[in-house]
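# Close look at the chain arrangement
The lines below spell out each chain.
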Amino acid sequence: MMLIRVAIVLAVTVVSINVSAQDQSADNVVTVKAAVDAYRQDREAEILEDFVELLSIPNVATNLSDMERNAEHIVGLLESRGLKTQRLSAGGAPYIYAALNKPGATETILIYAHFDGQPVQEENWAYPPFSPTLLDGSVKAGAQAIDIAGVSGSFHPDWRLYARSAGDDKMPIVALVHTLDALAANGIPLTVNLKLLLDGEEEQGSPTIARIIEENASLFDADLLLFCDGPMHQSRQAQLVFGVRGSTTVDITTYGATRPLHSGHYGNWAPNPVIQLTHLLASMRDESGRILVDGYYDDVAPLSELERDAIANMPDVTETLKNELSIHTPEGDGKRLEELISLPAINVRGIQAGGVGADGRNIVLSTATASLDLRLVPDQTPKRAVELVKAHLAAQGFHVVFEEPTADILRAHEKVAKLDWHDAGYPALRTALDQPMSLRLTELMRLIAPDLIVTPTMGGSLPLHEFGSRLDAPIIILPFANHDNNQHAENENIRLKNIWDAMQIYGAVLGSFGNR
Ligand SMILES: [Zn+2]
């Protein structure tokens, strides 16, 4: 094999040399993958026992002493692999920064994961959330518990480890340290400098991360930020995600008379706030989800041709979802889910007014309130979305207020609407698929997983702009958890194959990326 390649390089053109270099780097990835696999196969019980130890430390972010214990344990895992660590804090739960420098490496990869978890309602769990339990399948299918130490030979890849944060998001930490062991044991050098940022308060919305980054900006210099959080595609195929939507939320309240009025005596005369509100909502978006607010799409960056192609190549889950969810006609006029989530959305997440059923009363109400969540895409900003919604309300004849209107204000205006913005919100982020780092990572991943799914953006929101606006490195999301990991809920779990796959990918990134 090698002789043939050498012969080709010597014999023919520059183009062939490039092809050969690519072959070599492909060979290198295959070698690294095999080495990591073999190392892991001999030590599955050990890796799982390490993971069990980490998952046994409760990690609800509001409990700072628990988060300190987690941080201490993780620092131990990292320092024993030669990483230099630093505890960072800006008044909230701890963050961990770690670095492993490879002399001569010209590029740095920064990996983000978080080690806090959502609160637990223990009574809903089949096994205690902080007593990690390995099952021979899914708890829903009645799987049985397995004693890790009692397993001789390999663990079935479909077995699952149940515990809070098994899927979201302690796994990358354990997968990464054991990948470093596998590389070291096989004499495979890192081809990049490695940096880690491990977040101890992600489930609280990472309230201090902006300060953490700003106060330690030089630590986070990197050429690529891999954001290792979130579930993979439902097909279980490997996936890279290049964007997230932004988000902001608002409540809108409309007003009738200052006290509820008898609907027989006053109906057709008293202004009805429910009718005002429903007409207002209908004026903001149509039944297919198209937003009717003037100018709302002006800042929306269209998908590139590459992004459109990527979407077209994704597995189409439409029929599966329609069957699973008993939906006849999705919104979106026949467009694919993946395309629709690349557009802004106004979701009516709740309406509160009067009562129904036994609580129904024959009155014209005084107020009605709708709660909306606005999903934003590049290049919208929350501030601009607020302005446009406000202008829309005014155009619909509403006098807009931001505090409870007085009787005088209500008396003086035909229609009054109050806006309550719950949060400042944050914009979306999307890394171009043809950015050089995007292309290199996609190519590398395809060598390990030829059926790689390239997703231009996910529908959900993550505050990646906190990084995007402060760091130069392009951001790519690399999810590892099975889609059915039950994150945030009871019976959270990780499928073992997803851990092993994460190790392969980390191995390829650390052992090959810098040579590409
Ligand atoms: Zn997470």
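See above for the structure.
Residues numbered from 1 in each chain as written. Predicted model: local features only at pLDDT ≥ 70, side-chain atom pairs only at ≥ 80, totals over all residues.

Read across the sheet, 4 strands follow the order E5-E4-E6-E21 without closing on themselves; strand pairing throughout is antiparallel. Each edge of the open sheet is held by one strand with a lone partner, namely strand E5 (145-146) and strand E21 (493-495). Direction of pairing for strand E6 (residues 160-162) relative to E21: antiparallel, over a ladder of 3 bridges. Within E21, the residue paired with Tyr162 across the bridge is Asn493. (Pairing = 2+ DSSP bridges. Helix = DSSP H or I, 4+ residues; strand = E, 2+ residues; numbered from the N terminus.)

The subject of this paragraph is the nonpolar core. The biggest cluster of nonpolar side chains holds 125 residues, and the ones touching the most others in it are Ile109, Ile173, Leu225, Phe227 and Ile476. Looking at this core element by element, the count peaks at 10 residues for helix H16 (residues 496-512). Leave out the neighbours within four places in its chain, and Leu225 touches Leu110, Tyr112, Phe467, Leu471, Ala473 and Ile475. (Core = buried A, V, L, I, M, F, W, Y, C linked by C-beta atoms within 7 Å. Buried ≥ 20, exposed ≤ 12 C-beta atoms within 10 Å, placed from the backbone. Contact = placed C-beta atoms within 7 Å.)

This paragraph deals with the sheet that holds strand E15 (residues 367-376). Strand order in the open sheet formed by 5 strands is E13-E15-E11-E17-E16, and the pairing between neighbours is mixed. What marks the edges here is a single partner per strand, and that holds for strand E13 (345-352) and strand E16 (398-401). The mean inter-strand angle of the sheet, taken between neighbouring strand axes irrespective of direction, is 25°. Relative to E15, E13 runs antiparallel, the two sharing 7 bridges. Among the inter-strand pairings, Gln352 is bridged to a residue of E15, identified as Thr369. Strand contacts of helix H8 (residues 273-284): strand E11 (246-255), E13, E15 and strand E17 (415-421), with the helix running at about 145° to E11, the strand carrying the most contacts. Relative to E16, helix H12 (residues 382-395) is tilted by about 145°, and along the sheet it contacts E11, E15, E16 and E17. (Axes fitted to C-alpha atoms, helices over the stretch in contact; angles between N-to-C directions.)

Let's shift gears to the environment of Ala428. Considering the arrangement of structural elements, one finds Ala428 in the loop between E17 and strand E18 (429-430). Apart from the residues lying within four places of it in its own chain, the contact partners of Ala428 are Gly243, Val244, Arg245, Gly246, Leu376, Val377, Pro378 and Gln380.

Inspection of the sheet shows strand E1 (residues 84-88) paired to strand E2 (residues 95-100) by 5 bridges, in the antiparallel sense. Bridge pairing in E2 links Thr85 to Ala98.

Over its 12 residues, H8 extends 16 Å from the first C-alpha to the last, a length consistent with the 16 Å expected when each residue adds 1.5 Å. Of the positions making up H8, those classed as buried are Pro273, Gln276, Leu277, Leu280 and Met284. End-on, the buried residues of H8 take up no more than an arc of 95°, which puts them together on one face. Seen from the open side of H8, the exposed residues pointing more than 90 degrees away from its buried face are His279 and Ala282. Looking at the packing, one finds that the buried side of H8 touches E11, E13, E15, H12 and E17. (Expected span 1.5 Å × (residues − 1). Arc of directions from axis to C-beta.)

Here we come to unusual backbone geometry. A cis geometry characterises the amide bond from Asp168 onward to Asp169, with omega recorded as 20°. Note that Asp169 resides in the loop between E6 and helix H5 (171-185). Residues Pro378 and Asp379 are joined by a peptide bond in cis, for which omega reads -5°. Topologically, Asp379 is positioned in the loop between E15 and H12. Backbone geometry at Asn268 places phi at a positive 80°, although glycine is not the residue there. Along the chain, the position of Asn268 falls in the loop between helix H7 (263-266) and H8. For Asn268, a count of 7 C-beta atoms within 10 Å corresponds to the exposed category. We note that Asp333 has phi near 50°; this positive angle belongs to a residue other than glycine.

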